[in-house]
Amino acid sequence: MTTVVHLVRHGEVHNPQAVLYGRLEGYHLSELGREMAQVVADHLAFNDITHVVASPLERAQETAAPIAVAHGLQVTTDERVIEAENYFEGRTVAKKDLFAPRNWAKLVNPRKPSWGEPYEQIGARMLSAIDEARRAASGHEAVIVSHQLPVWTARNKLENRRLWHDPRARECTLASLTSLTYRGDELGSIAYSEPAAALLARASKGVGA
């Protein structure tokens, strides 16, 4: 029996002040982000999707909505796939501010990391949510709409790679898919794709998560 779980990163967010928004409420998809969400929904329209899950944050819910509608499904909200906690949340963070002496204590251990939720904790909650979605869509396909760091951490965990990393090296663009294919209970393969690749050049280069 083959089951596929697609991990989808949400589309672009309207964030003109370039705030590191993290788990803050009130950050919705931009017009381009809504376009990205529809492109992903169209890309998956003929897939055998029977279960759609999303982080409780608005940007994830809004990305999941057209996918669910295309398959006549409701979006299941799962706190386990929410964005990671971050000490700098709510700030407009420039490098000079990030490395100011008052913040040094939060930067001492990038392997944990010391500025936010531990990678191991992110990985554990994501894998738990993935396993539940896999069982819910057994023999079919599930979609989980989450955020860049949780998706990348889950992938690193599944590929038995170290969890600490350079954020610039993440393979997880806006509205991208990280697709996990299971044979029975065993993970058979991981594939990465960018259905909205043609729209990325128009996306803001500011803070995104």
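What you are looking at is a predicted structure, and each value in this text was computed from that prediction instead of being measured.

### Some thoughts on the sheet that holds strand E6 (residues 186-193)
1) Next: Reading across from one edge, E3-E2-E4-E1-E5-E6 is the order of the six strands in this open sheet, with mixed pairing throughout. The outermost strands of the open sheet, each flanked by one partner alone, are strand E3 (75-77) and E6. Strand after strand, the sheet turns through a mean of 20 degrees between neighbouring axes, direction not considered.
2) Next: Sheet analysis places strand E1 (residues 2-9) next to strand E5 (residues 177-183), joined by seven bridges and oriented antiparallel. From the neighbouring strand, valine 4 faces E5, where its bridge partner is threonine 181.
3) Next: Sitting on the sheet, helix H4 (residues 119-136) touches E1, strand E2 (49-54), strand E4 (141-146) and E5, and the angle it makes with E4 is about 150 degrees.
4) Next: Of the strands in this sheet, E1, E4, E5 and E6 touch helix H5 (residues 148-158), which is tilted by about 135 degrees from E6.

### Regarding unusual backbone geometry
1) Next: Omega for the bond connecting lysine 112 with proline 113 falls within 30 degrees of zero, at 0 degrees, which places this linkage in the cis form.
2) Next: Residue placement: proline 113 occurs in the loop between helix H3 (95-98) and H4.
3) Next: The backbone phi angle of asparagine 160 is positive, close to 55 degrees, even though this residue is not glycine.
4) Next: Structurally, asparagine 160 can be placed in the loop between H5 and E5.
5) Next: Judged by its relative accessible area of 72%, asparagine 160 falls in the exposed class.

### Comments concerning the packing of aromatic side chains
1) Next: Scanning all chains against the criterion turns up two aromatic pairs.
2) Next: Between the aromatic rings of tyrosine 87 and phenylalanine 88, the centroid separation amounts to 5.0 Å while the plane-to-plane angle is 80 degrees, which identifies the pairing as edge-to-face.
3) Next: Across from the ring centre of tyrosine 182, 5.5 Å away, lies the NZ or CZ of arginine 134, which sits over that ring.
4) Next: One Lys or Arg, arginine 162, reaches over the ring of tryptophan 164 and ends 3.8 Å from the middle of that ring.

Calculation rules
Residues numbered from 1 in each chain as written. Predicted model: local features only at pLDDT ≥ 70, side-chain atom pairs only at ≥ 80, totals over all residues. Heavy atoms only, no water. Pairing = 2+ DSSP bridges. Helix = DSSP H or I, 4+ residues; strand = E, 2+ residues; numbered from the N terminus. Axes fitted to C-alpha atoms, helices over the stretch in contact; angles between N-to-C directions. Contact = heavy atoms within 4.5 Å. Buried < 20%, exposed > 50% of the residue type's maximum accessible area, 1.4 Å probe, protein only. Phe/Tyr/Trp six-rings, centres within 6.5 Å; stacked < 30°, edge-to-face > 60°. Lys NZ or Arg CZ within 6 Å of the ring centre and 35° of its normal.

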